[in-house]
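Report on the structure
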Amino acid sequence: MKVSLQPALNDGNLDANQLNSQRQLGISISAIAESLDRNVPLNLCLILDHSGSMNGRSLETVKKAAIRLVDRLKSGDRLSVVVFDHRAKVLVPSQSLENPEKIKQQINRLTADGGTAIDEGLRLGIEELAKGKKDTVSQAFLLTDGENEHGDNNRCLKFAQLAASYNLTLNTLGFGDNWNQDVLEKIADAGLGSLSYIQKPEDAVDEFNRLFSRIQTVGLTNAYLLLSLMPNVRLAELKPIAQVSPDTIELPLQQEADGRFAVRLGDLMKDAERVILANIYLGQLPAGEQAIANVQVRYDDPAANQVGLFTPNTPVYAHVVKNYQADPNPQVQHSILALAKYRQTQLAETKLQQGDRSGAATMLQTAAKTALQMGDKSAATVLQTSATQLQAGQDLSESDRKKTRMVSKTVLQDTPPT
């Protein structure tokens, strides 16, 4: 397994006469499968809400979705199941998949009762997942339909950060309309997983299958992007780095002992890009091809039982010219629009929370136009519909708010860059 690492500036030309310039550096990273690669075992933990509000069709469809996943696991894969109401317990301890029928029976016996304590479920899930993480792709699916009424939301975030430090990926699934989107998004973002919205019970099986298919494509784990900047080049002080594909996430930066910036990427999928966008400022540079940065990826290859591998250092060049003409890169421009769509929607949500309905509607309209610019018609429709409702003096339902958040973070359908 190898790493594809492709950096590009949104505009490769730089004006030699400018004292200061701003550029967006897009970095596309993916695992490249080779013919001799063996499949990496999966280490999956299902963390399932079985509180009283899940009673009836909701829990039955979630059990069906979980059982389908058991059927899709292969010999050598690992599974654990943690369930929570206002307490949490390990239903299926971390184990190799040797007796799938027994596991399915345990899941089938699950009944709904009690309140909701997400943090306790998350704590036990991380413990079980950590037991099987050696030489595996380790991911959790956390599903809930409610608020963390018996738990502590800050504790949830601390556990998510702990999972990230263990190289575990957390995916969150909000079921119905009464879950806290801020909490589930923060857990997924910290765990570098994805946030899913299961609006109707019958969608549970498809959403579990979609996520499972995604983790089956993971080839490399524990990946970090390492970025070094030349003198006269610096990162923006506010929100300098974000991921824009497969989901939009504001990423934290840490500085390595050698002065380089490190950004955790987590799992790398085979032939599916993880795209990072860095906001950089450049001082005046002399005319000619100028190296402005170096990028490298550190990663583990669980199929080869190798850790701490590095890609070659890849330099990033700017073409500094005295007679400046823009040289835009369409892929990086598309990434800039994806990030703008997300941030504009966030601003709209903030305005709505402050009671500024008109300001929120305006920002949602702006986000809808941005979505159209990038060819994301599904998002544009959702965002414009929400804006129109606010302009008409109507409140957004919980379902509308959740749809709006979801389309801001990801492209619902595969849309090629324009």
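So, helix α10 (residues 398-409)
Between its terminal C-alpha atoms α10 stretches 17 Å, which fits the 16 Å expected from twelve residues at 1.5 Å a residue. For α10, a buried count of nine out of twelve residues is recorded, marking the element as mostly surrounded by other parts of the structure. Every buried residue of α10 is accounted for by S399, D400, K402, T404, R405, M406, V407, S408 and K409. On its buried face, α10 sits against α5 (181-190), β9 (192-198), β13 (249-250), α7 (330-353), α8 (357-373) and α9 (377-391).

A look at empty space enclosed by the protein
Think of a ball as big as a water molecule: rolled over the atoms, this probe shows where empty space is left. Within this structure, the stated rule accounts for one cavity of 30 Å³ or more. For the largest cavity, the calculated volume is near 100 Å³. What lines the largest cavity is Q139, T169, N171, L192, G193, R214, I215, V218, D267, M269 and R274. Among the elements of the structure, β8 (169-175), β9, α6 (204-216) and β15 (261-269) are those that each provide at least two residues to the lining of the largest cavity. Here the lining of the largest cavity is built from residues that sort into four nonpolar, four polar and three charged.

Some thoughts on the environment of R68
Tracing the backbone shows R68 in helix α1 (residues 57-72). A sequence separation of 141 residues divides R68 from N209, and the C-alpha atoms of the two residues are 8.0 Å apart.

Concerning the pattern of salt bridges
Tallied over the entire structure, the rule returns 25 salt bridges. Residue R343 pairs with E250 through a salt bridge whose shortest N-O separation is 2.9 Å. Of the two residues, R343 is situated in helix α7 and E250 in strand β13; the sequence distance between them amounts to 93 residues. Accessibility expressed as a relative area gives 25% for R343, which makes it partly exposed. Between E349 and R405 there is a salt bridge, with its nearest N and O atoms 2.7 Å apart. A residue pair is termed long-range when its members are at least 10 positions apart, and E349 in helix α7 and R405 in helix α10 qualify at 56 residues. Through salt bridges with shared partners, one network takes in D182, E185, D189, E349, R405 and K409.

Let's talk about the confidence of the model for the chain
When pLDDT is averaged across the chain, the result is 93; 97% of the residues are at 70 or more. Scored below 50 in pLDDT, residues 413-418 shows eleven contacts in the model against residues more than four places distant or in partner chains.

Things to note about the packing of aromatic side chains
Using the criterion set out here, one finds two aromatic pairs in the structure. Positioned above the aromatic ring of Y224 is the side chain of R298, whose terminal nitrogen or guanidinium carbon lies 5.0 Å from the ring centre.

Quick word on the nonpolar core
One finds L46, L48, V81, F141, L143 and F208 to be the most contacted residues of the largest nonpolar core, which totals 39 residues. If you list the elements that add at least two residues to this core, you get β4 (42-49), α1, β5 (78-84), β6 (88-96), α2 (100-108), β7 (137-144), β8 and α6. Tallying contributions element by element places α1 first for this core, with seven residues. Not counting residues within four places of it along the chain, the set of residues in contact with L46 comprises A66, L69, L79, S80, V81, V82, F141 and F208. Counting 36 residues, the second largest nonpolar core, distinct from the first, contains I29, L225, L285 and V297.

Some words on the sheet that holds β8
Taken together, the six strands give an open sheet; going across it, the order is β6-β5-β4-β7-β8-β9, and neighbouring strands pair in mixed fashion. Where the open sheet ends on each side, the last strands, each with one partner, are β6 and β9. Across this sheet, the average inter-strand angle for adjacent strands is 10 degrees, counted without regard to direction. Sheet analysis places β8 next to β9, joined by five bridges and oriented parallel. Bridge pairing in β9 links G174 to Y197. Contacts between α6 and the sheet are confined to β4, β7, β8 and β9, with β9 contributing the most and set at about 165 degrees to the helix.

Here we look at the packing of α7 against α10
For the pair α7 and α10, the least separation of the axes is 8 Å and the interaxial angle reads 155 degrees. Judged on the interaxial angle alone, α10 and α7 are roughly antiparallel. Contact residues: α7 offers A338, K341, Y342, T345, E349 and L352, while α10 offers R401, T404, R405, V407, S408 and K409.

Rules behind the numbers
- Residues numbered from 1 in each chain as written.
- Predicted model: local features only at pLDDT ≥ 70, side-chain atom pairs only at ≥ 80, totals over all residues.
- Heavy atoms only, no water.
- Helix = DSSP H or I, 4+ residues; strand = E, 2+ residues; numbered from the N terminus.
- Expected span 1.5 Å × (residues − 1).
- Buried < 20%, exposed > 50% of the residue type's maximum accessible area, 1.4 Å probe, protein only.
- Contact = heavy atoms within 4.5 Å.
- 1 Å grid on protein atoms, 1.4 Å probe; cavity = no way out; pocket = protein on both sides within 12 Å on 5 of 7 lines; lining within 4 Å.
- Points joined across faces, edges and corners; volume = space filled by probe spheres on them.
- Nonpolar A, V, L, I, M, F, W, Y, C, P; charged D, E, K, R; others polar.
- Salt bridge = Lys/Arg side-chain N within 4 Å of Asp/Glu carboxyl O.
- pLDDT = per-residue confidence, 0-100.
- Phe/Tyr/Trp six-rings, centres within 6.5 Å; stacked < 30°, edge-to-face > 60°.
- Lys NZ or Arg CZ within 6 Å of the ring centre and 35° of its normal.
- Core = buried A, V, L, I, M, F, W, Y, C linked by side-chain atoms within 4.5 Å.
- Pairing = 2+ DSSP bridges.
- Axes fitted to C-alpha atoms, helices over the stretch in contact; angles between N-to-C directions.
- Parallel < 35°, antiparallel > 145°, perpendicular 65-115°, else oblique.

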